[in-house]
Amino acid sequence: SAVISQKPSRDICQRGTSLTIQCQVDSQVTMMFWYRQQPGQSLTLIATANQGSEATYESGFVIDKFPISRPNLTFSTLTVSNMSPEDSSIYLCSVSPPGAGEQYFGPGTRLTVT
Amino acid sequence: AQSVTQPDIHITVSEGASLELRCNYSYGATPYLFWYVQSPGQGLQLLLKYFSGDTLVQGIKGFEAEFKRSQSSFNLRKPSVHWSDAAEYFCAVGAGGDMRFGAGTRLTVKP
């Protein structure tokens, strides 16, 4: 398994601003993922962030809106840029340790945009 | 394409009663299947997983799930529900970065 922490745990932001979410893992992992969970909804994959390569974005998500950094095997950041109320969601990072099929999730960042 | 269906959006059970949450999947090969639980304000916690072998898998917190290939199902069960089991439950199919989640089933537990 893996233990994942996220910062901040929650934030309230004004529209037009940006927020950077940090994800820290207690072990080295290659595959790290960022998800969005809109209120009352399931998880939607934003992008896969593998160390040493550019993040791979899912359909409907673009780098200009959700830039991702992955500087090493234990850390990643997701920035939500030029926010609007529609960006109000829980943002979750997860990892899939080497040889594991499952993913382990952080506690999430609850973002409210006013 | 792989997909997951959780037919029940919301289920209410009495404390001490048995529980079964349904999950149906569509997958081109032998699936990797998972159940996760999300308590309010929390991330997702892995309850159990099925990769191969015995089709009845045991998980944490007294949960079990049974893989039925003929029915494309992976239903989650618990013989006696506790108030602390109230949460959102997600079924997922896939592996590594190629994982698909169901819409979730919200469980309410009545005293």
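We now turn to the structure provided with this report. Not measured: the values here are computed from a predicted model.

Rules behind the numbers
Residues numbered from 1 in each chain as written. Chains lettered and ligands numbered in written order. Predicted model: local features only at pLDDT ≥ 70, side-chain atom pairs only at ≥ 80, totals over all residues. Heavy atoms only, no water. Helix = DSSP H or I, 4+ residues; strand = E, 2+ residues; numbered from the N terminus. Rg over C-alpha atoms; globule rule 2.2 N^0.38 Å. Buried < 20%, exposed > 50% of the residue type's maximum accessible area, 1.4 Å probe, protein only. Contact = heavy atoms within 4.5 Å. Areas by Shrake-Rupley, 256 points an atom, 1.4 Å probe, with all protein chains shown as cover. Lys, Arg positive; Asp, Glu negative; His and termini not counted. Charge placed at Lys NZ, Arg CZ, Asp CG, Glu CD. Buried area = accessible area lost by both parts, 1.4 Å probe. Salt bridge = Lys/Arg side-chain N within 4 Å of Asp/Glu carboxyl O.

**Here we look at the overall build of chain B**
Part 1: In terms of helices and strands, chain B carries zero helices and twelve strands.
Part 2: Its C-alpha radius of gyration of 13 Å places chain B within 12% of the 13 Å reference for a compact globule of 111 residues.
Part 3: Here the C-alpha coordinates of chain B stretch approximately 40 × 30 × 20 Å along the principal axes.
Part 4: For chain B, with 111 residues in total, the buried portion stands at 46%.
Part 5: Across chain B, contacts joining residues at least 24 apart in sequence account for 53% of those joining residues at least 6 apart.
Part 6: A total of about 5,300 Å² of accessible surface is found on chain B, and carbon and sulfur atoms cover 49% of it.
Part 7: Across chain B, the 10 positively charged side chains and the 9 negatively charged ones have centroids separated by 2 Å.

**Brief notes about the environment of Asp11 of chain A**
All names here are of chain A.
Part 1: Take Asp11: it is sitting in strand β2 (residues 10–13).
Part 2: Judged by its relative accessible area of 28%, Asp11 is partly exposed.
Part 3: Residues Asp11 and Pro71 lie 60 residues apart in sequence; the distance between their C-alpha atoms is 24 Å.
Part 4: For Asp11, the residues in contact, after removing those within four places along its chain, are Leu19, Arg110, Leu111 and Thr112.

**Observations regarding the interface of chain B and chain A**
Part 1: Contacts between chain B and chain A engage 19 residues on the former and 18 residues on the latter.
Part 2: For the pair chain B and chain A, the summed buried surface comes to about 1,300 Å²; carbon and sulfur atoms form 54% of the total.
Part 3: Here chain B and chain A share one salt bridge between them.
Part 4: For Lys49 of chain B, the salt bridge goes to Glu102 of chain A, with nearest N and O atoms at 2.8 Å.

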